[in-house]
Amino acid sequence: MDRFEAMSLVLAVAEAGSLSAAARRQKTPLATVSRKVSELEAHLQTKLFNRSSRALVPTDAGRSYIAAAKRILADVAEAERAASGEYTTPRGDLSVSAPVALGRMYLQPVLAEFLATFPEVDVQLSLQDRAANLLEEHVDVALRIGALTHGTFADSSLIAVRIGEIRRVMCASPAYLKSRGTPKSPEDLSRHDCISYPPLQSPSSWRFSRDKAEYVVPVRSRLVVSNLESACDAARAGIGVTVAFSYHVAEAIKSGELTPLFQDLQPPPQPVGFVYSPNRFMPVKLRAFLDFMIPRLRARLGDPPKRAAPRGRTGSSPLE
């Protein structure tokens, strides 16, 4: 009996939930899968699954065996990658996940340099506004926004490396402010035209922070949009006041196309960092990616956006 093959089949059955689904996944005849699982159970002298007409459910012994099989097969895969040279020369496929706008505006331009520098590494870049499950989706490294706790993102066993921070920015175009006047307090927004992105701010009321307390002011949203890029475009066009993340508006603020408002009343900044699964063997392709990306993205994300004039500077946040 080929034990590695049997382990792979048992894992496939456990993940798929049935013999037939596992057979399709493994491209193996159903009869072969059923026979090999039965042979392994006979060899172990224990049942790995409780069978019913609807599903296969691992027994207690089955759950222990499946967990051990995962570790064994992972170690075999690591050994094969090491033997093939993946741990001495950056090469192979690298799966990367990032938020859509942050990935497109910041990660992707640097990624072009990375690919030119490491011609034997191919990157699969997934831009999506949700946190990918690194293990289930076979993602090597992800760029994430969120609270860092002791070097890892909250409620996560992943390793995290902080590269900077983002914050909310309220802004409007100089032309709009010249025409309508610059609001002196958040309460003045009730007399202004607002551009709202509902996941960030309600179209009827906007939230502010003062002395660690949150309060709400009513607003009139003349325009409600489905993404922050559209909100920023509308603000630059002089339609009204909007709220976006710093990476959306950093360049427009530096160039003077947008003017920030009430920055001292916005929520605290959120850290941005790369996360990856802990592993005894870090592939050289992943180490090369992190070593290349981290300093370059820190240079771009380390500081909040500033007006082109005056040329004042505030320090970057300490890096985790």
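The present account deals with the structure reproduced in this document.

About the thresholds
Residues numbered from 1 in each chain as written. Predicted model: local features only at pLDDT ≥ 70, side-chain atom pairs only at ≥ 80, totals over all residues. Heavy atoms only, no water. Helix = DSSP H or I, 4+ residues; strand = E, 2+ residues; numbered from the N terminus. Buried < 20%, exposed > 50% of the residue type's maximum accessible area, 1.4 Å probe, protein only. Pairing = 2+ DSSP bridges. Contact = heavy atoms within 4.5 Å. Axes fitted to C-alpha atoms, helices over the stretch in contact; angles between N-to-C directions. Parallel < 35°, antiparallel > 145°, perpendicular 65-115°, else oblique. Left-handed = near helix turned anticlockwise from the far one by under 90°. Nonpolar A, V, L, I, M, F, W, Y, C, P; charged D, E, K, R; others polar.

## Describing the environment of Leu 258
Along the chain, Leu 258 turns up in the loop between α8 (246–255) and β15 (259–261). You can call Leu 258 buried: its relative accessible area is 0%.

## A short note on the pairing of strand β3 (residues 92–98)
Within β3, five of the seven residues are buried, which leaves it mostly tucked inside the rest of the structure. Relative to strand β4 (residues 121–127), β3 runs parallel, the two being bridged by seven bridges. Bridged to Ser 97 within β4 is Ser 126. Looking at chain direction, β3 and strand β5 (residues 141–145) are connected through two bridges and run parallel. Within the sheet, the bridge partner assigned to Val 96 lies in β5 and is Val 141.

## Focus on helix α2 (residues 19–26)
Among all positions of α2, only Leu 19, Ala 21, Ala 22 and Ala 23 are buried. Among the structural elements, α1 (3–16), α3 (30–44) and β2 (56–58) are those in contact with the buried residues of α2.

## Examining the packing of α1 against α2
Closest axis-to-axis distance for the α1/α2 pair is 8 Å, and the angle between their directions is 120 degrees. Taken together, α1 and α2 sit at an angle that is classed as oblique. In this structure, α1 crosses over α2, and the sense of that crossing is right-handed. From α1, Ser 8, Leu 9, Ala 12, Val 13, Glu 15 and Ala 16 reach across to α2, where they touch Leu 19, Ala 21, Ala 22, Arg 25 and Gln 26. When the residues that make up the contact of α1 with α2 are grouped by side-chain class, the tally is seven nonpolar, two polar and two charged.

## Concerning the packing of helix α7 (residues 228–236) against α8
Where α7 contacts α8, the axes come no closer than 10 Å and their chain directions differ by 25 degrees. The angle between α7 and α8 places the two elements in the roughly parallel class. The hand of the α7/α8 crossing is right-handed. Where α7 abuts α8, its residues Leu 228, Glu 229, Cys 232 and Arg 236 lie against His 248, Val 249 and Ala 252. Its residues assigned to classes, the contact of α7 with α8 comprises four nonpolar, one polar and two charged.

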